[in-house]
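Architecture at a glance
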Amino acid sequence: MQAPASRSVYIAPSLPAALDALDEGGAAAAPFAGGTWIMRAPIRHEPLKSLYVAIGKIPELRAIKVDADAVEVGAAVTHAALAATLAELAEFDVLTAAASRSANPAIRTMATIGGNLATTAFAAADCVPALLCLDADVEIASRGGPERTSLERFLTMRSTLAPGRLLHRIIVPRRGRRTVHARLPLRQAGDYPTAIVSLAVSLDEAGHVRTARVAVGSVEPVARRWQRLEHALVGHPLNAAKATDAAAELAGEFTGRDSPDVPAWYRVRVLPALVRRAVAALGSGAVGDEHGH
Ligand SMILES: Cc1cc2nc3c(=O)[nH]c(=O)nc-3n(C[C@H](O)[C@H](O)[C@H](O)COP(=O)(O)OP(=O)(O)OC[C@H]3O[C@@H](n4cnc5c(N)ncnc54)[C@H](O)[C@@H]3O)c2cc1C
């Protein structure tokens, strides 16, 4: 087992300094955000990098900007800070819940949103499905300049992100939707979730679903949208029983991931119940409108 103490850490004072250090370090270097995943590398028998570039002191990576049409979240914002800032914005209930229910209070003051999205082997990350259902984009920084892409695309490229690049910020559009995050921990709070359903809907004047986004996390190795269920919801009133039936019919498209604590089939089996819980929470008016009322 390698001892983290034998590695070097550079505390970057600015984004250009971090990018320079990452670029010069090449494949032997990586960003260090909250460290909650990196610190467990020896337990997972993963090699540590020779150089970690700590990004937690860079002001622009710790900023959250709330505008009328979008919220921009710096990659080094912690789960706790994100949940506190978004608490009054009902349209982001899904993300507030993801950030405030993941892990435990101590971890949430350290773990960052960027680390949550960038960790390739972490299927149970709460913020990934939450941000997928909110149609989030991400901005990647490098010495060559910024590159903006959808979170969906980022998830397909993050494991091959070239050295010298880092997640700079997450951009979440404001569309005044009703949103909810339903997660099933195995035994108790603090556990990794067995399965996650994140949901965002907009309704027309008649109360029918106009747009729906459903994202599923922790069931497969990488979270993804459940587009067939989205289609099944659109055009109908929010109805928990009908949504549950549709989810039960469509759940076969998921191939659950196996793990020592949860069998693959179980992760798929619980999806209809999570969909029911999510739709019931929206239909009950438990979430407010875009103004938070
Ligand atoms: C006991 C425990 C339980 C947990 N339970 C949950 C849970 O239920 N749900 C949940 O969502 N999370 C949970 N987490 C937290 C989860 O590990 C972190 O949210 C996240 O995956 C890592 O965030 P971090 O900031 O600590 O990243 P770090 O450990 O600093 O980094 C993780 C990886 O991401 C890379 N990285 C970090 N920031 C960037 C960036 N800006 N750009 C590019 N790459 C970057 C690093 O190089 C590294 O490879 C738990 C953690 C622990 C320890």
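Above: the structure in question.
Computed from a predicted structure; not experimentally measured.

What follows covers the pattern of salt bridges. With the rule as written, the count across this model stands at 21 salt bridges. Close ionic contact of R169 with E72 constitutes a salt bridge, the shortest N to O distance being 3.0 Å. Here the residue R169 occupies a position in strand β8 (residues 166–173), and E72 occupies one in strand β5 (residues 70–74), the gap between them amounting to 97 residues. Residue classification places R169 among the partly exposed positions, given a relative accessible area of 25%. Notably, a salt bridge pairs R169 with E139, separated by 3.2 Å at the nearest N-O pair. On the criterion of sequence distance, the pair formed by R169 in strand β8 and E139 in strand β6 (residues 137–141) is long-range, its members being 30 residues apart.

Looking now at helix α11 (residues 271–283). Counted at 1.5 Å a residue, the expected span for α11 with its 13 residues is 18 Å, and the 18 Å between its end C-alpha atoms agrees. Here α11 has its buried residues at L271, P272, L274, V275, A278, V279 and L282. End-on, the buried residues of α11 take up no more than an arc of 160°, which puts them together on one face. Contact partners of the buried residues in α11: β9 (178–185), β10 (193–203), β11 (209–217), α8 (227–233), α9 (240–250) and α10 (264–269).

Moving on: the sheet that holds strand β7 (residues 147–150). Judged by pairing direction, the sheet is antiparallel, and its five strands sit side by side in the order β4-β5-β8-β6-β7 without closing on themselves. At either margin of the open sheet sits one strand with a lone partner, and together these are β4 (64–66) and β7. Mean inter-strand twist for the sheet, computed between neighbouring axes without regard to direction, equals 20°. Summarising the sheet, β5 and β8 pair through five bridges and their orientation is antiparallel. Each bridged residue has a counterpart across the sheet, and for A70 the counterpart in β8 is P173. Packing of helix α2 (residues 79–86) onto the sheet brings it into contact with β4 and β5, and relative to β4 it is tilted by some 15°.

Conventions adopted
- Residues numbered from 1 in each chain as written.
- Predicted model: local features only at pLDDT ≥ 70, side-chain atom pairs only at ≥ 80, totals over all residues.
- Heavy atoms only, no water.
- Salt bridge = Lys/Arg side-chain N within 4 Å of Asp/Glu carboxyl O.
- Helix = DSSP H or I, 4+ residues; strand = E, 2+ residues; numbered from the N terminus.
- Buried < 20%, exposed > 50% of the residue type's maximum accessible area, 1.4 Å probe, protein only.
- Expected span 1.5 Å × (residues − 1).
- Arc of directions from axis to C-beta.
- Contact = heavy atoms within 4.5 Å.
- Pairing = 2+ DSSP bridges.
- Axes fitted to C-alpha atoms, helices over the stretch in contact; angles between N-to-C directions.

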